[in-house]
Structure formats: structure tokens, C-alpha cells
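Per-entry structural report
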Amino acid sequence: MKALLQKIVAQTGGDTRNGYIELRYHRRQSNSFMAQRGRVDVANHSIVEGVGVRALIDGAWGFAATARVDEASILRAIDQARRNARAILASRGKKESHLQRGKLSVIDWKGPGFDELIAMPIADKLGAVINFERRLAKSSSALHTARCRYNELLEEKVVVTSDGAAASAKIALPEFSMSAIAERDGERSTSSRGAGVSGGWTCLYEHPSLENVVEETARTAVDLLSAKYPEGGKKTVILAPAVVGLLCHEAIGHTVEADFVKSGSVAQGKIGQRVASDLVTMADTGRETIAGYAVGNLPFDDEGVETETTTIIKDGMLVSYLHNRETAAEFGVAPTGNARAWLFNDEPLIRMRNTFLLPGKSSLAEMIAGIDDGYLVEGAGSGQADSNGEFMFGTGYVWRIQNGKKTELLREATLSGIAFDVLQTVDAVSSEFRWDLGTGYCGKGQPAKVDAGGPYIRCKMNVGGRQG
Amino acid sequence: MTDNSITTPVANAGTGEALRKTSAEMESIAREILEHGRKKGADRIKVGISGSITRRLVVENKEITLANSLEDQKFSLVVHKDQKKGSAATNIVRPETARKAVEDALALASFSVADDALNMPDATQAPRAKSLDFMFDERTADTTLSELQELMGQALARATADKRVSIDKFEMSVSASFHGLYNSLGVAQMETQTMLGWSFFGMGVDGDAVSGFDYDSGFAWKTGDTAARLMATADAFAAKVTGNLHPRKAHSYKGLVVFSPRAVEELLAGFMLYHASGSAVMDGKSRWDKETGNAVLSPVITLRDHPHSQAFAGATTFDGDGLPTRDHTIFDSGKLCLHIHDCYSARRCKTTSNAMSGGPFGMAFAPGGALLADLLRSRREILLVDRFSGNTDAIKGDFSGVAKSSRLYVDGKDGGPVTETMIAGNFFEFAKRIEAASLETESIGGGFSSPWLLVDGISVTGG
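Residues numbered from 1 in each chain as written. Chains lettered and ligands numbered in written order. Predicted model: local features only at pLDDT ≥ 70, side-chain atom pairs only at ≥ 80, totals over all residues.

**Regarding the overall build of chain B**
- Scanning chain B from N- to C-terminus turns up 10 helices and 21 strands.
- Against the 2.2 N^0.38 benchmark of 23 Å for 463 residues, chain B shows a C-alpha radius of gyration of 24 Å, consistent with a compact globule.
- Over its C-alpha atoms, taken along the principal directions, chain B stretches across nearly 70 × 55 × 35 Å.
- For chain B, buried positions account for 56% of its 463 residues.
- A separation threshold of at least 6 residues defines the contact pool for chain B, and within that pool the share at least 24 residues apart is 73%. (Helix = DSSP H or I, 4+ residues; strand = E, 2+ residues; numbered from the N terminus. Rg over C-alpha atoms; globule rule 2.2 N^0.38 Å. Buried ≥ 20, exposed ≤ 12 C-beta atoms within 10 Å, placed from the backbone. Contact = placed C-beta atoms within 7 Å.)

Below is the structure:
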């Protein structure tokens, strides 16, 4: 496929009249299985394939796509993309435009686990889902419902551009999630756990241990049956790595995506300014090396730019936004490899990859000991952020901390705050680190597979709860 | 089996004809898949086909930056073999991929677990649905990028007349599409539609002050109906984002709040539909499994589904099982009238489907008798919740999150937007304490209309 796209680009791309051309082949094979209450509700195999074409002529972008991957169809899609760009020019006129080159990738890369998952019999994967659901269901007599879901994405991508990118990648992204509903005396509680990696079956099985996930899912659902709700208000909280990851992604990450910055997000104009306590250093990376299996790992983005680690906040100071090639040129910086598209017929948008806070020096025990009245917040739920920095995210459950001790399990809570205000209150960061959002998807017009994580941090934020 | 991928570039003129040709070819493929499934031993097989031709323009920062032309077609199938299920889907429409998909689905079914409730309707249960004339318009199918540009230019000027409006993204598209459903028991359904859709996403910026993001969207079945609706959306969006500027913090209290139609859609409707759903009933997750005919909500709540109404973008003539759709009253003056069943949940619950697989399709809450202005005087200080950004637990009924784009009313007067204000509560605790519904109603996006609701028992936590 790479040779075909290179041949086509050589024939048609890169002259003054026709501007820039970018071809992106994407084939996604996915298997989805879900078992609950002894049934198999989902056993699905799907394949989506095609080539997306972007043309940039005098500052106007045209996009077209074809599900047929032969030369004639791709040539027609190129012609259509160029006609679309010219349709904009006809009404708007030319505009100065520039794409920052950065490091354009020419590698051919196969990620860990790709061959393993391709070779693994489908019966084994579906069988594992059925078995885990049965084990979860049997793990406590208080469980009303057990559910187990497996999903894998096997991605094959080729990006060729008229200015030199020519790269291919194969990436395997399997994930498991389990959930349980417990019931006693008419009271119900739920618990969910998940694991997702960039890697194969063995990697997925061990990070974290799926055996432990079964046990924790059941135990938490049952324990929450007798739990109270947290009290609402501004509280001192310790956020667990999954929640820190969600904070990094939702509260900070979105506000520093350069397209949002251009629109006037709260991060606009704040490069070089203090936005967090000096304990906070935060980054987004396409090549994480802390564990090696974060699901946002990708060797190049969908514009063909080699990915790397982008430090966003260094010792509390905002130092970088996240860019595609066009915004990098506008801001006069190097592209950060954040242009991503969900499918071949989606245009690349600025998206995060693996977003995280760097570990510090405290221990979790020390951090708990330093709180008279507060919460330890575990288990990230969904979250959203806003242009003004206001964020919200849900959490699975909460531990009350009183007089330096973890005392009582409480039901889920929703946390909110103004991102940069909250980060200014961070007064402790643990040395322990985890990637913990491997089943996460970001929604920004298109989905994107992302990961996030970090250490434990201690800060102050609003906890949504009940008023008396 | 023919190789029938759309290969021609999107042509403006003759889009409807191109779509009809493709849909006929896809129908032929569907029938060949059914035949291949039978040959391979499937007991039952269902094939879904779809295709679309779409033109789309994107405005970022007040300028058209992207023109997009897409053609899409795909098929999906479900097989039953020995009461076991498997499914497959692909957008690679070739004879060999279609045959392979059948075989993949059968292989999955062979590893699955037998389920006595699996079933499909036959042609007697699911006769050919009558088409809805408003859904397809030849002229709309041929709408050009230039015509979209013209409409967008007018809307952009309208939305940004107030310089404090910052548009992050404004998109508009026109699509002509078809979707069909066929099964091995003789069901054959097909419908085509044209639609223009648009959405605004952005915020208010006034000097250093930045409001939260907000959005608005709309649709029209025909080009001729578009301009007025588009301008109305532009006006509503501009009013929202400028109205969100310079917020203040609210006080904490527990009691009455007013939910806007958007908040009703985002928060309350989800709880109601979950516990009315056949899938929740069959799994013992619904609190209303034995409550049909009984009052489960306040008597001010009546909710109907109108799948054939052109007021709703989700209008359709057949459901996900291929059964012809029809109007339903789901809640009548607080009473639960029915559970929302597809063929599978209906069989499990020993009843019949009400043709709502994938539905409801056009939900409308009935208006009440009170003026909105009077609802906003129900408490000296009352929160008007316009959007809910937070978490819900459908099973328990708990919710907790941020009241976005929301306002505090004092003595019935608009006291301005609020920030960092969270709401929390339990749906079942206030389900019968929905005190009133407004006379005024509003349509949200493309598939929902509702009055404003006055609700008691909500915890409001100020920042």
C-alpha cells in the first residue's frame, strides 16, 4: 500500500498549482464480544478500510475519501479533494498558508502484540470473555448482574505526503472491561473496572492482572451497598492516578489544544506563565517509555509527523500547546505530532495521545497523613472540560480521610473546578505512577483512543454531593 | 454478486439518481448474502445496508477552512445458528468480503452461547413500511457546495454580529442517504432521505473574560426550509454564548430548580427511558418492570414517540428489527403505558415487540399549563439548569454534575449566569415531585422537544 500511495503522490502531488497533498490509508479490523447474565449479547467482527485525501491549495483545505483502495479510485478522490479546496478559494480567495515540516516520518513500524492478536483464534478470545463473566458472576452471591466486554482494534495505517512523509504502522489495541451490579434488600450499587493496552493478549492480561480486576469489581460493588454519599463542598482531596489522568486530559489537555487556544481557550496567551504549583510537570506523549504499553502510543501522527513527548507544564509554568502542522506554523513552533483521525474518512484534528503528570517524591501514606478532613478519590468515570477551564469528571468511589487516616468507603462523586486554579493548590505528588485510562476514548467530534495517568496528587477542589 | 462500490466522484447534479442506483445494487448484495447464509447453514440471517453521499463545509474562526465530500456504503449482518448469534460488518463492498462476512459471523455464532430468545420477525409481522414523502427531496440531494457556502455566510454574519461571539467550529452538511433491512424470513425494508444539518460550537469572549463552550444545532429535510431555521439557530447560539459571560457563584441549597428542555433531554429523559426499556426489564434492572399502567412519575409528565413526524430528524418508517414503526405514548400523565421492546427483549419478557428497536425516534414531552416566567418565581432564588455535564447512575437513579450554561433567577428576574455550580440528586426521589411543566416548549437539535420542568429535591452546591 505504501508503494502505491508513494507512486500516486509522485504522479500528482507537490506542485505550485496543486499545492500539498496527503494520502492516508487506514484499515481497522475489530472484534467485539460482550457477555452478561450468562448470555453472549455481542459477538461481532468488522473491517473498515479506505483512503482519506487532504489537499491544501492557497490556504484552503479540501477533503475526500474512498473506500476503494485501487489507483483509479484514489486518483478520483484526489481530484475531488482539490476541487473542494478550489470551491472554497472561489468564494474566499487565496490565503497565506504554511505547514511546519517537523520530523516527517519514513519508518515502517509494527507495534507489540499485533501478530499475536492476529494469530490468536477468535474462539479463545470469545471463550475468555464468557469465562470471565461466569467467574465474576460467581464471585459473590450479592451480585445481581455480571458483565464482561472485550474489544480489540487492529490498526494498519500508511501516511504519504507530497512533502516527504512516507510511513506505515500496525498497532494492536485490546481492552477488557468488567462491571457488576450488587443488590441487597432492594439497594443496588455498581462497580466497573477496565484495562486496555497497546500490545498483545499477554500484555493485556497482566496490566493490570485481570484476575485481580474480577475480584476488585465484585468486592467494590458489594462494599458500596452500605456506603454513604460524600458531602458536597470544597475539599482537600487525594486523586488516584486514573483520576489524575482524567484531570490532565480533561481539565488541561483540551485547553492547550492549539485549535481551542486559537478560539480563545483559557490557556491562550499563557505560555511562560505560572499555571500550577511548582510540583506540577505535565506532558503528552506518543512514545511513552515509563511502561511501554499506554494505548496512545503511535510512532507518527496522521500528518506523518514523528511523535515525541511534549512537555505542556514544566515546574508549574505553561511551556507548550499541542499542535498539528498548520497551527505549529501559525505559532512558530515545531509540530508536536498531535494530528489524529478516527477513520479514513475523518479529517485529522488536534488530539491528545498519552497525557500524564510526572511523578514526584511523596508517598501516598505521607499524603494521607497530612489530611485532617478530606477524601481519597479512586476510579475515574467520564469527564468534560470547558474553554474557560471549568472541568467536571466522575469518580467510581471515594474514601473518607479523617485525622490522617483512610476511614470509610463512600459512593461515587463528581469533582469540578477551574483547572489552573486547582493545579495551583497541588501540595504533594507521589512517586508511585500508573497509566490507568487504557479503556478511555476521547470525544471531540470524532472518537480517539487515548491513555492518561500519573502519580497520586493532593489538592483542593469541589466535590459534588448532597445538601442537607 | 457484483462489485458495486461507488467510484465516481461526488456529482452535484443527479445525486438522487446515483443514490438510487447504489441502493439497488446494495439491495442485490443483501439478497445474495441471505442466499449465501442459507447455503452455509444459517437458521436465520438479517442484513442491514446503508449508503450516503455527503457534502460538508467547516468554518473555523469565522472562515471556511475545509470542504469535504464523502461517499459511504456498508453492510452488516446477524446470523442465528442453533439459537446462537454472530455478527459482522464491513465497508468493503465486494463479493468475496460479503461471503467472508457471512462465514465470520457463523464462526462467531458457533463459539457463542445458545439463547432461546433469539428471533426475527417474518414478512407477516413486518410488512413493507409505507414511505414518508417529506424524507427525500431531489432538489435537496443536488445542493451544491456553493449553495452551502452562501447559507453559511449569512448564518456566520448573523451569529457574529455581536463581536463577543467566538466560533470555534461551525459545520454544515447536506446528505442523501439510504438504509435498508432484509432478513431470511422475507422482511424487506428500505428508505431514502435527504437532510441538511448544521452545528455551532464556540464561546463568548469579552476582553479577558471567556465563557464556557456552548453549542446549538439544527436540521431540515429540504433546502427550501433551511434558511429560516439556520438563522434561528445562529441567533440562539449567539444569545447563549454571550449570555454565559461574566458568571457568578451560586449559593448552596436543596430544593426547587427549573430544568430547561436541554437539561430534560440530557438528564431526566435518560432515566425515564432506561427504566422503561425492555432490555432493563428483561435483566431485572428496571424499577418499573411491573409498573405498566401505574403512576411512576408526576402527573405533569406525558411523553410520546412520533416516528413519522417531520419535526424529528430521527423519523423512520421501520425499526432495527424491520418492523413498521408507529406512534406510542410512553408515559401518560405520569403513568407508564408500555415497556420499550425490540423483538429480543419482547421474547424474553413473553410479550410482543412494539417496533421500537433503536427507538424512541421522535420524543416529545407534552407542554404543561404554567408560564415559564411563573416557574422562575417559584423560589426567591432559583437555579435554571440549561445543560448538565456530569455522571448518572441509571440503575440507582443518582446523578451529580455541573450545571452548565445555567442561570440564577432572583424574584423571577434573570440574575445572570453561574459558574462552578453543581447539582446532585436521585431521580426516583423526585420523579413524582416534578411540580410543573411550562406551556412553552422547545425543540432540541433534531430529535426531542420538551417544556421547562420545575423539579423539587435537587441539591445545588455553589462554588
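**Section: the domain arrangement of chain A**
Residues and elements named next belong to chain A.
- Domain boundaries in chain A define domain 1 (2–226) and domain 2 (233–464).
- Computed from C-alpha coordinates alone, the two centres of domain 1 and domain 2 are separated by 21 Å.
- Taken together, the contacts link 43 residues of domain 1 with 30 residues of domain 2.
- Residue assignment for the side of domain 1 that touches domain 2 shows that the elements contributing at least two residues are β1 (20–36), β2 (39–57), β3 (60–66), β5 (143–161), β6 (166–184), β7 (187–196) and α6 (210–223).
- Counting residues per element, the side of domain 1 that touches domain 2 draws most heavily on β6, which supplies 6 residues.
- Within the side of domain 1 that touches domain 2, the residues separate by chemical class into 19 nonpolar, 17 polar and 7 charged. (Domains from an automatic or database assignment. Nonpolar A, V, L, I, M, F, W, Y, C, P; charged D, E, K, R; others polar.)

**Structural notes on the interface of chain B and chain A**
- Taken residue by residue, the interface counts 65 residues in chain B and 67 residues in chain A.
- Looking at which element gives the most residues to the side of chain B that touches chain A, the answer is strand β2 (residues 63–81) of chain B, with 9 residues.
- Looking at side-chain class alone, the side of chain B that touches chain A contains 25 nonpolar, 28 polar and 12 charged residues.
- Across 4 bridges, β2 of chain A lies against strand β3 (residues 84–90) of chain B in parallel orientation. Counterpart to Asn44 of chain A in the pairing with β3 of chain B is Ser87 of chain B. (Pairing = 2+ DSSP bridges.)

**So, the domain arrangement of chain B**
All names here are of chain B.
- Assigned domains within chain B: domain 1 (15–243) and domain 2 (247–463).
- Spacing between the C-alpha centres of domain 1 and domain 2 amounts to 26 Å.
- Between domain 1 and domain 2, the residue contacts involve 27 residues of the former and 20 residues of the latter.
- Residues belonging to the side of domain 1 that touches domain 2 are distributed by class as follows: 15 nonpolar, 8 polar and 4 charged.

**What about the pairing of strand β1 (residues 44–60) of chain B?**
Residues and elements named next belong to chain B.
- In terms of burial, β1 is a largely internal element, 14 of the 17 residues being buried.
- In the sheet, β1 pairs with β2 via 17 bridges, with the strands oriented antiparallel. Residue pairing for β2: Thr54 is matched across the bridge by Leu70.

**A look at the sheet that holds strand β11 (residues 317–318) of chain A**
Residues and elements named next belong to chain A.
- If you walk across this open sheet you meet the 6 strands as β11-β10-β9-β14-β23-β20, and the pairing is mixed. Looking along the sheet, the strands with just one partner apiece sit at the ends: β11 and β20 (434–435).
- Against the sheet, helix α7 (residues 241–253) touches β9 (282–285), β10 (309–314), β14 (354–357), β20 and β23 (451–454), its axis set at about 120° to β23. (Axes fitted to C-alpha atoms, helices over the stretch in contact; angles between N-to-C directions.)

**What about the pairing of strand β22 (residues 446–449) of chain A?**
Residue and element names in this part refer to chain A.
- For strand β21 (residues 441–444) and β22, the ladder comprises 4 bridges, and the chain directions are antiparallel. Following the sheet pairing, Gly443 is matched in β22 by Pro447.
- Between β21 and β22, which pair antiparallel and follow one another directly, the connecting turn spans 1 residue, one of which, Gly445, has a positive phi of 85°.

**Regarding helix α1 (residues 2–12) of chain A**
Residues and elements named next belong to chain A.
- Residues Leu5, Ile8 and Val9 constitute the buried set of α1. Considered in projection along α1, the buried side chains sweep an arc of 100° and stay on one side of the axis. Pointing more than 90 degrees away from the buried face of α1 are the exposed residues Ala3, Ala10 and Gln11.
- Against β1, α2 (71–92) and β5 lie the buried residues of α1. (Arc of directions from axis to C-beta.)

**Observations regarding the nonpolar core**
- The biggest cluster of nonpolar side chains holds 269 residues, and the ones touching the most others in it are Leu239 of chain A together with Leu77, Val257 and Phe259 of chain B.
- Sorting elements by how many residues they give to this core places β6 of chain A first, with 10 residues.
- Ignoring any residue separated from it by four or fewer positions in sequence, one finds Leu77 of chain B in contact with Ile33, Ile45, Lys46, Val47, Ser87, Ala88, Ala101, Val102 and Ala105 of chain B.
- Among the nonpolar cores identified, the runner-up in size contains 6 residues, and Leu19, Ile53, Ala141 and Met190 of chain B belong to it. (Core = buried A, V, L, I, M, F, W, Y, C linked by C-beta atoms within 7 Å.)

**Structural notes on the packing of helix α4 (residues 122–138) of chain A against helix α2 (residues 95–111) of chain B**
- Look at α4 of chain A against α2 of chain B: their axes get within 10 Å of each other, and the N-to-C directions meet at 45°. With respect to α2 of chain B, the axis of α4 of chain A lies oblique. When you trace α4 of chain A past α2 of chain B, the crossing you get is right-handed. Counting all contacts with α4 of chain A, which are made through Ile122, Ala123, Leu126 and Gly127 of chain A, the residues of α2 of chain B involved are Ala107, Leu108 and Phe111 of chain B.
- By residue class, the composition of the contact of α4 of chain A with α2 of chain B is 6 nonpolar, 1 polar and no charged. (Parallel < 35°, antiparallel > 145°, perpendicular 65-115°, else oblique. Left-handed = near helix turned anticlockwise from the far one by under 90°.)

**Some words on unusual backbone geometry**
Residue and element names in this part refer to chain B.
- For the bond from Gly359 to Pro360, the omega torsion is 0°, close enough to zero to count as cis.
- You can see Pro360 is positioned in the loop between α8 (343–348) and β13 (363–365).
- The backbone of Glu420 shows a phi angle near 50°, a positive value even though the residue is not glycine.

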